[in-house]
Amino acid sequence: MHILLTDVLTCPRCGPNFGLILLSDELNDRQVVRGHLGCPNCRQSYPIAAGVADLRQESEQSAAPRSGSPAEDSERAYRLAALMGVTMANANLLIVDADGALPPQVGAILPQAHVIGCSADVAAESGGEGFVSRVLINGLLPFRNGSVRGAAYVGIFSHELAREAARVLMPLARLVVDSAGEEAGEVVRSLGFEVQLEQDKVVVAAAPGAG
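Residues numbered from 1 in each chain as written. Predicted model: local features only at pLDDT ≥ 70, side-chain atom pairs only at ≥ 80, totals over all residues. Heavy atoms only, no water.

### Section: the overall build of the protein chain
And step 1. Regarding its fold elements, the protein chain presents four helices and 13 strands.
And step 2. A burial count over the protein chain gives 48% of its 211 residues as buried.
And step 3. In the protein chain, of all internal contacts separated by at least 6 residues, the share reaching a separation of at least 24 is 52%.
And step 4. Here the protein chain has roughly 10100 Å² of accessible surface; of this, 49% comes from carbon and sulfur atoms. (Helix = DSSP H or I, 4+ residues; strand = E, 2+ residues; numbered from the N terminus. Buried < 20%, exposed > 50% of the residue type's maximum accessible area, 1.4 Å probe, protein only. Contact = heavy atoms within 4.5 Å. Areas by Shrake-Rupley, 256 points an atom, 1.4 Å probe, with all protein chains shown as cover.)

### A few points about the pairing of strand S2 (residues 15-19)
And step 1. Sheet topology note: the strand S1 (residues 10-11)/S2 ladder contains two bridges and is antiparallel. Across the sheet, residue Thr10 finds its bridge partner in S2, namely Gly19. (Pairing = 2+ DSSP bridges.)

### A short note on the pattern of salt bridges
And step 1. All told, the structure shown has six salt bridges when counted by the stated rule.
And step 2. Because the salt bridges share partners, they merge into one network encompassing Glu186, Arg189 and Glu198. (Salt bridge = Lys/Arg side-chain N within 4 Å of Asp/Glu carboxyl O.)

### Notes on the side chain of His114
And step 1. Structurally, His114 is set in strand S8 (residues 114-119).
And step 2. Given the relative accessible area of 7%, His114 is considered buried.
And step 3. Of note is the side chain of His114, whose polar atom sits 2.7 Å from the side chain of Ser133.
And step 4. Once residues lying within four places of it in the same chain are set aside, the contact partners of His114 are His2, Leu5, Ala91, Asn92, Leu93, Phe131 and Ser133. (Polar contact = N/O pair within 3.5 Å; in protein donor to acceptor, adjacent residues only side chain to side chain.)

### Considering the environment of Asp7
And step 1. The topology assignment puts Asp7 in the segment before S1.
And step 2. The spacing of Asp7 and Leu22 is 15 residues in sequence and 9.6 Å in space, taken between C-alpha atoms.

### Observations regarding the sheet that holds strand S7 (residues 92-96)
And step 1. Pairing in this open sheet of eleven strands is mixed, and the strands run S3-S4-S5-S6-S9-S8-S7-S10-S11-S13-S12 from one edge to the other. One side of each edge strand has no neighbouring strand; the edge strands of this open sheet are strand S3 (21-28) and strand S12 (194-199). Each neighbouring strand pair of the sheet contributes to a mean axis angle of 15 degrees, computed without reference to strand direction. (Axes fitted to C-alpha atoms, helices over the stretch in contact; angles between N-to-C directions.)

### Comments concerning helix H2 (residues 102-109)
Because the α-helix completes a turn every 3.6 residues, residues three or four places apart line up on one side.
And step 1. Of all eight residues making up H2, six are buried, and the element is well covered by its neighbours.
And step 2. By the burial criterion, the buried members of H2 are Leu102, Pro103, Pro104, Gln105, Val106 and Gly107.

### Topic: the nonpolar core
And step 1. The biggest cluster of nonpolar side chains holds 41 residues, and the ones touching the most others in it are Leu9, Leu37, Leu94, Phe143, Leu169 and Leu175.
And step 2. Of the residues forming this core, the biggest block, four residues, is contributed by helix H3 (residues 159-168).
And step 3. Grouped together as the second largest cluster of nonpolar side chains are 20 residues, Ala91, Leu102, Ala113 and Val176 included. (Core = buried A, V, L, I, M, F, W, Y, C linked by side-chain atoms within 4.5 Å.)

### Some details on the confidence of the model for the protein chain
And step 1. Of the residues in the protein chain, 87% have a pLDDT of 70 or more, and the chain-wide mean is 86.
And step 2. When pLDDT is averaged over each element of the protein chain, S1 comes out on top at 97 and helix H1 (residues 70-84) at the bottom at 82.
And step 3. Below a pLDDT of 50 lies the segment residues 60-67, which in the model reaches 17 contacts outside its immediate sequence neighbourhood of four places, other chains included.
And step 4. Every residue in residues 124-128 scores below 50 in pLDDT, and together they form eleven contacts with partners more than four places removed in sequence or on other chains. (pLDDT = per-residue confidence, 0-100.)

### Topic: the state of the cysteines
And step 1. Within this structure, the stated rule accounts for zero disulfides.
And step 2. With no disulfide of its own, Cys14 has Cys42 as its nearest cysteine by sulfur position, at a separation of 3.6 Å.
And step 3. Free cysteine Cys39: the closest other cysteine sulfur is in Cys42, separated by 3.7 Å. (Disulfide = S-S within 2.5 Å.)

### Section: H3
And step 1. For H3, the complete set of buried residues consists of Leu161, Ala162, Glu164, Ala165, Arg167 and Val168.
And step 2. The inward-facing, buried residues of H3 abut S2, S7, strand S10 (151-154), strand S11 (174-177) and helix H4 (184-190).

Right under this line is the structure:
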């Protein structure tokens, strides 16, 4: 997990108004390898192990199933990188997927971007490389309002995640929804997104503008 991520992480118990404080035990080239994130409000401590911040609210989670083969993951990653349409340097990209296989693949394709992967678990062999931070979650997105200035990808669509994407994305940042049901387009429109593409179970939309 890159140390810059601590600027936007928030406590999943207390909500987006409560940031976390980093206590690092091992730091390697600005990557936090081991340590803890602490909430000054509720005093909850969240561990960082092997570079992965565990912000799940239960102590035990079962591993998420693999979504596809490495070749399929690579194909999905190139497709996602194109759909995200990132042009700015040093953008942060939020990727919410089932098993954490996509973030390192996208990180290898877009090395100039900070890829933030959120999943319930991390695939044992996900491959790829790049500027990638990993966060384990099992609920709301633990980020400050408007802190994602590049794009967000949601691979497991729900009304709750769509609302969270609207909250964490900067105005006009892009949302990509994959494996979307027929209602996904209407849901994101109701949240103020401007839908730019809607076909083959994919929805691409721009986050609500300022004001």
